[in-house]
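# Reading the structure
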Amino acid sequence: MITVQGEEYGTRAEIAARLTQLSLDGDQVTAETVRNWDRNGDLKAYRILGANGRPEVRYRWRDAARVEAAKRRSARGRKRRVDGTPMIAA
């Protein structure tokens, strides 16, 4: 992760690793998932010059966390565990 003008940016792998590490329910976010969010228009890619002077594709951490939270709460796609305790009917 790098910081540019006070905002954190990461590669697909860095974003996926951090989201997986912070996941409360053990769900894994992969680099491919982050790439799909970009392809679907949910997450904007930025080209930032790397240490070697070549542009790298990076994603804003704050935006990636927002997209992941929205996808986790969404009813579309694969079933996801929601945050909280399940209710049991008595």
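The preceding data block contains the structure.
Residues numbered from 1 in each chain as written. Predicted model: local features only at pLDDT ≥ 70, side-chain atom pairs only at ≥ 80, totals over all residues. Heavy atoms only, no water.

Next up on the list: the nonpolar core. In terms of nonpolar packing, the biggest core is built from eleven residues, these being Ile-15, Ala-16, Leu-19, Val-29, Val-34, Trp-37, Leu-43, Tyr-59, Trp-61, Ala-64 and Val-67. At the level of secondary structure, the elements contributing two or more residues to this core comprise helix H1 (12-22), helix H2 (31-39) and helix H3 (61-73). Those residues in contact with Trp-61 that lie beyond four places of it in its chain are Met-1, Glu-8, Tyr-9, Ile-15, Arg-18, Leu-19 and Leu-22. (Core = buried A, V, L, I, M, F, W, Y, C linked by side-chain atoms within 4.5 Å. Buried < 20%, exposed > 50% of the residue type's maximum accessible area, 1.4 Å probe, protein only. Helix = DSSP H or I, 4+ residues; strand = E, 2+ residues; numbered from the N terminus. Contact = heavy atoms within 4.5 Å.)

Packing of H1 against H2 brings their axes to within 8 Å, and their N-to-C directions diverge by 115 degrees. Compared by their axis directions, H1 and H2 come out roughly perpendicular. Note on packing geometry: the crossing formed by H1 with H2 is right-handed. Here Arg-12, Ala-13, Ile-15, Ala-16 and Leu-19 of H1 come into contact with H2, specifically with Ala-31, Val-34, Arg-35 and Trp-37. (Axes fitted to C-alpha atoms, helices over the stretch in contact; angles between N-to-C directions. Parallel < 35°, antiparallel > 145°, perpendicular 65-115°, else oblique. Left-handed = near helix turned anticlockwise from the far one by under 90°.)

Okay, the pairing of strand E4 (residues 55-60) next. Here strand E2 (residues 7-10) runs beside E4; their pairing, made up of two bridges, is antiparallel. Note that in E4 the partner of Tyr-9 across the bridge is Arg-60. Taken together, the five bridges between strand E3 (residues 45-49) and E4 define a ladder with antiparallel strand orientation. Looking at the pairing, Arg-47 lines up with Val-57 of E4. Hairpin geometry of E3 and E4 is characterised by an intervening segment of five residues between the two adjacent antiparallel strands and by a positive phi of about 85 degrees at Gly-53. (Pairing = 2+ DSSP bridges.)

On to H1. Of all the residues in H1, the buried ones are Ile-15, Ala-16 and Leu-19. Seen end-on, H1 carries its buried residues on one side only, within an arc spanning 95 degrees. Looking at the buried side of H1, the elements it contacts are E2, H2, E4 and H3. (Arc of directions from axis to C-beta.)

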